[in-house]
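As a plain string of letters, each chain reads:
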2 protein chains.
Amino acid sequence: MSEQKIPYKIYLSEEEMPKYWYNVRADMKNKPAPLINPATKQPMTFDELRHVFCDELVRQELDETTAYIEIPQEIRDFYKMYRPSPLVRAYCLEQKLGTPAHIYYKFEGNNTSGSHKLNSAIAQAYYAKQQGLKGVTTETGAGQWGTALSMACGYLGLDCRVYMVKVSYEQKPFRREVMRTYGATVTPSPSETTAVGRKILSEFPGTGGSLGCAISEAVEDATNREGYRYVLGSVLNQVLLHQSVIGLETKTALDKYGVKPDIIIGCAGGGSNLGGLISPFMGEKLRGEADYRIIAVEPASCPSFTRGRFAYDFCDTGKVCPLAKMYTLGSGFMPSPIHAGGLRFHGMSPTLSQLYHDGLMEARAVKQTEVFKAAEQFARVEGILPAPESSHAIRVAIDEAIKCRETGEAKNIVFGLTGTGYFDLYAYEKFNDGQMVDSELTDEEIEKGFATLPEV
Amino acid sequence: MSEQKIPYKIYLSEEEMPKYWYNVRADMKNKPAPLINPATKQPMTFDELRHVFCDELVRQELDETTAYIEIPQEIRDFYKMYRPSPLVRAYCLEQKLGTPAHIYYKFEGNNTSGSHKLNSAIAQAYYAKQQGLKGVTTETGAGQWGTALSMACGYLGLDCRVYMVKVSYEQKPFRREVMRTYGATVTPSPSETTAVGRKILSEFPGTGGSLGCAISEAVEDATNREGYRYVLGSVLNQVLLHQSVIGLETKTALDKYGVKPDIIIGCAGGGSNLGGLISPFMGEKLRGEADYRIIAVEPASCPSFTRGRFAYDFCDTGKVCPLAKMYTLGSGFMPSPIHAGGLRFHGMSPTLSQLYHDGLMEARAVKQTEVFKAAEQFARVEGILPAPESSHAIRVAIDEAIKCRETGEAKNIVFGLTGTGYFDLYAYEKFNDGQMVDSELTDEEIEKGFATLPEV
């Protein structure tokens, strides 16, 4: 098996695509802590959550025991439009680095949303449609999630209302136009259309907004609008469940050629990509069937894992959402405005947080100039212009491959290439012009964020 | 065979990828007319052409007899990074249209240049490198070709100097940044760096430039610079040769499932995509082995085939290039500035021109608002935001599928989806805002263009 020549790109056939999502929580001894109602301090119930999320998604959110959940046929058909995504053997990068390591990346950018976000967007839109809803609301920062959701809604004929972080709305007019082409309504956040938006605007006039603030607006909009629910592109258990298709396909592709990864690397903002990529491998690790080094990569300017606190916190600025136990910098934490690399969310998936807390994975923080250097190097030899977010994983994959060059080890390194950087060219321009710098995140700033943590 | 379930996407294995390009001229009874030296009025010789182009590319340009030309291993390895491209069965579009037709499209947009242009860029850069050159110069309009060439040069470590039509340079800063990320130098054209640029600037101060003018500058730059040659992304015979990989892969994929196309559709600017897509099918047609309806689609505002003249003309505005016999609107023709859909070149591939002249293919001109309507419809059901250029082919594919709905015929329609529209969102924005209109091209404007035709 392992002697077989491995092609540049491993594509699965439609028959080999996953028919079930894998729910890693089923194999966790220590389950992620439940979402908590900030008013009662009690775990959120099905009935409380269904005012915000679709019924079936609430069931998935709360399901800690079912290991495999069937992917509805309609979603599998949609997946066939842009999946399976290729698992690429980075022959050219290996050669350029002169490393004995074998580098593989799972490339999720070959669709118009430009990222893996579509995997969960179609699932969430599908269940909303099934429930007979009129539409959904959401927030978007860099824009991948909003684009993905607008594509899914456009396909199913569902209304889609996106609150886009104002600074992104202005810096990325093209993202906005893609969403509009798919029929979505895009509102810059904070806006005058919600009470929480008006409150934030009066407190911080002229603010460029934040993800946490756009979440608050989207939730308020959904709960006040007949026949609407709120959907979220990361952090939640349900999202990691849907994103498990990434890891399942990766594992099937590697197994076909008898390749066992030594190191698995993914960038981590809210955790949707990392959680999806690692899930089947983490499952084996949890069941004691195999061992893997798993590395989460985060920006040095928003280091939830490496400098955050494992505590209950709000997911949003307006504090309208339930509390989640996670690695967090505090919902009041604001990443430096000079940070260009995405992954700006203050918290982290509760599932990944628990796994990290239990010592089942590592985390590393990297600086943005180093990230863009890796991005440029990768683009020139592998022919794909990567998203800044994905480039965090490239940075660490290259670092690990260079270590192999030094030790002579032929390790198998697998990383998640979540998407393309076609809509992030302001950041590339800054880098090309030599204008990109790194910000130092001081202990004082970190403490200021922690001061916003709620008492539970 | 034909009973086999056809997947959404047909991917060939690496072994099934073409090892030879197909040179359709070898099977043409009436060969395309030779390039002519405007000074001597004699056919351009190898020695004359090699001052402008690399030696091997001149050989390919002049070779009318070799049907199959081997693809060098290094180019085939590069192709493996982003090819084979999928042949997609448009199940969702068929369902949406309620047509009995089977629609297939060959999608060439899954690479960072966003289009099929990379197929010829890597070939041209490879031969330049083989010849020991330092670098190449070229022009780019919409930007796909310049991006593709900068990727190929970045990979091979070759210098790349791109003259970008000024209006595009200003409207598409992101395109420019992709090229810079791959290490290219990008100059807005017309520029002060060339004599022809200065001449055009003094005649038309403040002009936004044109493709024909950028070609003149790039040619001048290459011929004045030690160790440089000029390369071109369309029109030439060599380009159609390299692009034959599109058609060869398409035919192999269709043959695997026993599908014989009834209609083959491609957009046509200079002809690189259309020529590549149809070449093996046209070969069968020329050899009398099969028959296909082949339709070239061009914009109503730049209708070289449908309203042009079959005559010798300059490929560039500065008249520094050889004369080519082709369907042309005259090198002085300027498409309306309100035209957003790409495909703005005044001429057409001499090979395709001869085939069209001989009645072996049809041509149709379409209006841009109709093109963008088709683009939006396609994007929503097939999940890919198409390039405006490609959307010309989508328009006619949809029209033909609707005819099938009326007649009840289950025709096999194949079209070329040359690329994605991620860098064309100004045009989409105009369309989304309801601001896009069609221009009427008058007979007077056409005559004005013809008046610039040279006497040969």
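The notes below deal with the structure included here. Being a predicted model, the structure only gives us computed values, none of them experimental.

Calculation notes
- Residues numbered from 1 in each chain as written.
- Chains lettered and ligands numbered in written order.
- Predicted model: local features only at pLDDT ≥ 70, side-chain atom pairs only at ≥ 80, totals over all residues.
- Heavy atoms only, no water.
- Least-squares fit on C-alpha atoms with pLDDT ≥ 70 in both.
- Contact = heavy atoms within 4.5 Å.
- Axes fitted to C-alpha atoms, helices over the stretch in contact; angles between N-to-C directions.
- Helix = DSSP H or I, 4+ residues; strand = E, 2+ residues; numbered from the N terminus.
- Parallel < 35°, antiparallel > 145°, perpendicular 65-115°, else oblique.
- Nonpolar A, V, L, I, M, F, W, Y, C, P; charged D, E, K, R; others polar.
- Pairing = 2+ DSSP bridges.
- Core = buried A, V, L, I, M, F, W, Y, C linked by side-chain atoms within 4.5 Å.
- Buried < 20%, exposed > 50% of the residue type's maximum accessible area, 1.4 Å probe, protein only.
- Buried area = accessible area lost by both parts, 1.4 Å probe.
- Salt bridge = Lys/Arg side-chain N within 4 Å of Asp/Glu carboxyl O.
- Polar contact = N/O pair within 3.5 Å; in protein donor to acceptor, adjacent residues only side chain to side chain.
- Expected span 1.5 Å × (residues − 1).

**Considering the relation of the copies chain A and chain B**
Overlaying chain A on chain B yields an RMSD of 0.0 Å, the required transformation being a rotation through 180 degrees with an accompanying axial translation of 0.0 Å. Here the transformation between the copies is reduced to the relation of a two-fold axis. Relative to the rotation axis, the closest C-alpha in chain A is found at Asn110(A), a distance of 3.1 Å. When the interface residues of chain A are mapped onto chain B, 100% of them are again interface residues, pointing to one common binding face.

**Focus on the packing of helix 2 (residues 55-62) of chain B against helix 11 (residues 237-256) of chain B**
Residue and element names in this part refer to chain B. Where helix 2 contacts helix 11, the two axes come as close as 7 Å, and the packing angle between them is 90 degrees. With respect to helix 11, the axis of helix 2 lies roughly perpendicular. In this structure, helix 2 uses Leu 57, Gln 60 and Glu 61 to contact helix 11, whose residues at the interface are Asn 237, Gln 238, Leu 241 and His 242. Broken down by class, the residue content of the contact of helix 2 with helix 11 amounts to two nonpolar, four polar and one charged.

**Section: the sheet that holds strand 8 (residues 185-189) of chain B**
Residue and element names in this part refer to chain B. In space, the four strands of this open sheet follow the order 8-7-6-9, with parallel pairing throughout. Pairing within the sheet leaves two strands with one partner each, and these edge strands are strand 8 and strand 9 (228-230). With strand direction ignored, the average angle separating the axes of adjacent strands in the sheet is 25 degrees. With three bridges joining them, strand 6 (residues 135-140) and strand 9 adopt parallel strand pairing. Looking across to strand 9, one finds that Gly 135 is bridged to Tyr 228. Relative to the sheet, helix 6 (residues 144-156) contacts strand 6 and strand 7 (159-165), its axis offset from that of strand 6 by approximately 160 degrees. Along the sheet face, helix 10 (residues 211-224) touches strand 6, strand 7, strand 8 and strand 9 and points at about 170 degrees away from the line of strand 6.

**Observations concerning the nonpolar core**
Membership of the largest hydrophobic core comes to 241 residues, with the highest contact counts inside it found for Met361(A) and Met361(B). When residues no more than four places from it in sequence are discounted, the contact partners of Met361(A) are Leu274(A), Ile278(A), Met282(A), Ile294(A), Ala296(A), Phe305(A), Leu352(A), Leu355(A) and Tyr356(A).

**Side note on the interface of chain A and chain B**
Each partner contributes residues to the interface: chain A has 42 residues there, and chain B has 42 residues. Interface of chain A and chain B: buried area, both sides summed, is about 4200 Å²; carbon and sulfur atoms make up 58% of it. Counting the surface chain A buries against chain B, the share from its top three residues, Phe174(A), Thr181(A) and Tyr422(A), is 17%. Here chain A is connected to chain B by four salt bridges. A salt bridge links Arg176(B) to Glu429(A), with the nearest nitrogen and oxygen atoms 3.1 Å apart. Remark: the boundary between chain A and chain B carries 25 residue pairs in polar contact (both at pLDDT 80 or more). Listed by contribution, the elements that provide at least two residues to the side of chain A that touches chain B are helix 3 (73-82), helix 6 (144-156), helix 8 (173-181), helix 15 (368-382) and helix 17 (425-432) of chain A. Here the element with the most residues in the side of chain A that touches chain B is helix 8 of chain A; it accounts for six residues. For the side of chain A that touches chain B, the per-class residue count stands at 21 nonpolar, eight polar and 13 charged.

**Quick look at helix 6 of chain B**
Residues and elements named next belong to chain B. Taking 1.5 Å per residue, 13 residues should reach 18 Å; helix 6 reaches 19 Å between its end C-alpha atoms and fits that length. Counted residue by residue, helix 6 has 11 buried out of 13 residues, so it is predominantly covered. Burial in helix 6 covers these residues: Gln 144, Trp 145, Gly 146, Thr 147, Ala 148, Leu 149, Ser 150, Met 151, Ala 152, Cys 153 and Leu 156. Residues of helix 6 that are buried make contact with helix 5 (118-130), strand 6, strand 7, helix 8 (173-181) and helix 16 (388-407). Where helix 6 ends, the next residue or the one after it, Gly 157, has phi of about 70 degrees, a positive value.

**Overview of the sheet that holds strand 5 (residues 102-107) of chain A**
All names here are of chain A. Taken in spatial order, the seven strands make up an open sheet running 1-4-5-15-10-11-14, and their pairing is mixed. The open sheet has two free edges, formed respectively by strand 1 (9-10) and strand 14 (362-366), since each of these has just one partner strand. As judged from the six bridges shared by strand 5 and strand 15 (residues 412-417), these two strands associate in the parallel manner. Its bridge partner lying in strand 15, Ile 103 is registered against Ile 413. Across the sheet, helix 12 (residues 272-286) touches strand 10 (263-267), strand 11 (293-299) and strand 15, and the angle it forms with strand 10 is around 160 degrees.

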